[in-house]
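Below are the chains, spelled out letter by letter.
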Amino acid sequence: MKISPEEVAKVAKLSRLDLPQDKLELFAGQLGDILDYMDKLGELDTESVEPMYSPVKHTTVLRKDEVKKEYTRDDVLSNAPEQDGQFFIVPRIV
Amino acid sequence: MSELYTKTLTEIAEQLQSGAVTSAEAVKNCLGRIETTEPQVKALITVLGEDALKQAEAMDADGPDASRPLWGVPIVLKDLLAAKGTKTTCASKILENFVPFYDATAVVKLKEAGAIIIGKANMDEFAMGSTTENSAFMTTRNPWDNERVPGGSSGGSGATVAAGQCFGALGTDTGGSIRTPASFCGIVGLKPTYGRISRFGLIAYGSSLDQIGPMARSVEDAARMLQVMAGYDPKDSTSVDVDVPDYLAALGRENLDGVKIGLPKEYWGEGLDEEVEVALKAAIAKAEQLGATMVPLSLSLTDYAIATYYIIAMAEASSNLSRFDGVRFGHRNKDAEELIDMYTSSRTEGFGDEVQRRIIMGTYVLSSGYYDAYYNKAAKVRRLLREDFEKAFEQCDLIAGPVLPTVAPKVEDEMTPLQMYLIDIFTVSANLAGIPGMSLPVGLGKDSGMPVGLQLMGPAFSEADMLSVAECLEKNLEPMPLAQL
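Calculation notes
Residues numbered from 1 in each chain as written. Chains lettered and ligands numbered in written order. Predicted model: local features only at pLDDT ≥ 70, side-chain atom pairs only at ≥ 80, totals over all residues. Heavy atoms only, no water. UniProt positions renumbered as here; feature names shortened; annotations may be inferred. Phe/Tyr/Trp six-rings, centres within 6.5 Å; stacked < 30°, edge-to-face > 60°. Buried < 20%, exposed > 50% of the residue type's maximum accessible area, 1.4 Å probe, protein only. Helix = DSSP H or I, 4+ residues; strand = E, 2+ residues; numbered from the N terminus. Lys NZ or Arg CZ within 6 Å of the ring centre and 35° of its normal. Salt bridge = Lys/Arg side-chain N within 4 Å of Asp/Glu carboxyl O. Patch = residues over 30% accessible without salt bridge, like charges linked within 9 Å, V, L, I, M, F, W, Y side chains within 5 Å. Areas by Shrake-Rupley, 256 points an atom, 1.4 Å probe, with all protein chains shown as cover. Lys, Arg positive; Asp, Glu negative; His and termini not counted. Charge placed at Lys NZ, Arg CZ, Asp CG, Glu CD. Core = buried A, V, L, I, M, F, W, Y, C linked by side-chain atoms within 4.5 Å. Contact = heavy atoms within 4.5 Å. Polar contact = N/O pair within 3.5 Å; in protein donor to acceptor, adjacent residues only side chain to side chain.

As annotated in an unreviewed UniProt entry, chain B carries the name Glutamyl-tRNA(Gln) amidotransferase subunit A and is attributed to Pseudodesulfovibrio sediminis. Word for word, the UniProt comment on chain B under Function (unreviewed entry) is "Allows the formation of correctly charged Gln-tRNA(Gln) through the transamidation of misacylated Glu-tRNA(Gln) in organisms which lack glutaminyl-tRNA synthetase. The reaction takes place in the presence of glutamine and ATP through an activated gamma-phospho-Glu-tRNA(Gln)." Quoted verbatim from the Catalytic activity (unreviewed entry) heading of the UniProt record, the comment on chain B is "L-glutamyl-tRNA(Gln) + L-glutamine + ATP + H2O = L-glutaminyl-tRNA(Gln) + L-glutamate + ADP + phosphate + H(+)".

If you look chain A up in an unreviewed UniProt entry, it shows as Aspartyl/glutamyl-tRNA(Asn/Gln) amidotransferase subunit C from Pseudodesulfovibrio sediminis. UniProt's Sequence similarities (unreviewed entry) comment on chain A is quoted here verbatim: "Belongs to the GatC family." Its UniProt record gives chain A a comment under Subunit (unreviewed entry), which states: "Heterotrimer of A, B and C subunits."

In structure tokens form, the structure reads like this:
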């Protein structure tokens, strides 16, 4: 399957990545090869097969309804690139 | 004292418990070995020398504790396992300075058992790769031959164990990332059943595939580590609440009478390097001599496993890696004036090429118009692959085959991304099906002199049987020497 650098740029934008033109062209060629290979799954008839998303059943684990403070605010903010001791700081949105 | 590092985890644990060796001696010996070998091997991103030594001295002051099976044993963690107060980078610039304020459950359990964490191992960035060349920091070298790769993505964990820098290490396996470096480095690597060990605190790549497991110098060592880490964890919704058997009690069998080993024709055919085939067939012949019965069978969907695996893994990766946005942790571009621009520039600067490629690929296969053709199709084939295994296990107890078609390639052997993905042909199926798999070193290739690993796979939660068969075979094969460095 052929995939163009423009299509790669579109998907990269959705992924919040900004790639230079040479990398878009390189990825377009590589992704085309990979998708060609993946297309072999089309050989299999899976019409009546139920998809399997995980090898186990995911259970919803509920802890006891008790107020609990496992981590401090300082812990949670400790890796923030920018914070004011209370909140994460980010650039303006509009 | 100077050769403590040559001992297995089991041997050193016994000596520590008896008081013949102090924990500080064990730690110092490993640190000395790290100092000697690390310039060549480059297995570790972080060495916790001072902290580890302080901890060992404090433990020595209290004396050995028989209730803690890994008391005083130096262990290394793959650098995607959260360890409180210790840098956890995933070998990525985006997490270069990330210091978790909590421990992964597997790490909690190791610490409770008395293990001392002495380092964090290099890896392919976010566990994406099969050679440990995709680290943002350095390329780890194979201790057997520094011109060769150690395998990946747990290549640092494999190399550190093979170089005698520690007595065991943790790896993670999404599509073979424990078994591949174990095979290339001549050690034992076990990927347990999905759900057997909690994934809490593991920085996720492919959530429905990732599993933590032990890498060590003997089957018994791997069993000891698994025993400590296995079990249900309410913090992980994918953890399975089933009893943990006594893995050590299962060891010690004298022969393989009554054991049926399946040999899938798809694993033993064309494409297997001759020296790998020779070493593996000798191990199979030994298993037969020990009483095992070989059962020829077919895993007819093997050819579809790679495509299925990479669609699912990349889709999950694109979702998991969306959390790296520069807001709460990780690298942030300082010049961005607006929020979306900050996300984009931070991620573009922080992620390496292979990670970017997989994020884009994953986003593509999940996008509107392609979801059914790729992701949903792969999820359906995944079920067929699991059914293929279930049918196979009606005929045999375990499946045996190669881990990889070749011994470790040289660092300069350049591969395209697709060529790199294709070398995982024998390992990815176990992750898709969620079943356990392990690599057992069975000898050296006659041309290259490099280690060859035999892969064993079994039904879900059959680790005890797998370990017992592997240990019996291990005892009856030529002992695998330590890599000469």
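Still more to cover.
### Let's talk about the packing of aromatic side chains
Under the criterion given, the structure shown has 18 aromatic pairs over all chains. Summarising the aromatic geometry, the rings of F101 of chain B and Y102 of chain B are spaced 5.6 Å apart at their centres and angled 75 degrees between planes, so their arrangement reads as edge-to-face. For Y102 of chain B, a relative accessible area of 23% gives the class partly exposed. Judged by centre distance (6.3 Å) and plane angle (85 degrees), the rings of F324 of chain B and F351 of chain B are edge-to-face. Of this pair, F324 of chain B sits in the loop between α9 (305–320) and α10 (339–350) while F351 of chain B sits in the loop between α10 and α11 (353–366), and the two are 27 residues apart along the sequence. Owing to a relative accessible area of 4%, F324 of chain B belongs among the buried residues under this scheme. Taken together, the ring pairs in this structure connect F98, F126, F324, F329 and F351 of chain B into an aromatic cluster. Over the ring of Y304 of chain B we find K40 of chain A; its NZ or CZ atom is 5.5 Å from the centre of that ring. A cation sits over an aromatic face here: R73 of chain A above F87 of chain A, 6.0 Å from the ring centre.

### Examining the pattern of salt bridges
Residue and element names in this part refer to chain B. Within this structure, the stated rule accounts for 16 salt bridges over all chains. In this structure, R224 and E220 form a salt bridge, with 2.9 Å as the shortest nitrogen-oxygen distance. Of this pair, R224 and E220 both sit in helix α7 (residues 219–229), four residues apart, roughly one helical turn. Residue class for R224 comes out buried when judged on its relative accessible area of 18%. Exposure remark for E220: the relative accessible area of 25% places this residue in the partly exposed category.

### So, a negative patch on the surface
A cluster of acidic side chains, namely D18 of chain A together with D335, E337, D341 and E349 of chain B, defines a negative patch on the protein surface. With respect to the helices, strands and loops of the structure, D341 of chain B is situated in helix α10. Overall, the relative accessible area of 38% leaves D341 of chain B in the partly exposed class.

### Remarks on the nonpolar core
Residues M38 of chain A together with F126 of chain B are the most contacted members of the largest nonpolar core, which totals 184 residues. In contact with F126 of chain B, not counting residues within four places along its chain, are C90, S92, I94, L95, I203, Y205, L321, F324, F351 and V355 of chain B. With five residues, the next largest nonpolar core counts V327, A336, L339 and M342 of chain B among its residues.

### Notes on the UniProt feature "active site" (unreviewed entry) in chain B
Residue and element names in this part refer to chain B. Cross-referencing UniProt, the feature "active site" (unreviewed entry) maps to K78, S153 and S177 in the present numbering. Spanning 100 residues, the annotated positions come together in the fold, the maximum distance between their C-alpha atoms being 11.0 Å. Examined against the element boundaries, K78 turns out to sit in strand β2 (residues 74–78). Of the residues examined, K78 reaches a relative accessible area of 0% and is grouped as buried. The residues contacting K78, other than those within four sequence positions of it, are K120, A121, M123, A127, S153, S154, S157, L170, G171, T172 and S177. Relative to the helices and strands, S177 is located in the loop between β4 (169–173) and α6 (179–185). Judged by its relative accessible area of 6%, S177 is buried. With sequence-adjacent residues up to four places away left out, S177 is seen in contact with K78, A127, G129, G152, S153, S154 and T172. In terms of polar contacts, S177 uses its side chain to reach the side chain of S153, at 3.0 Å.

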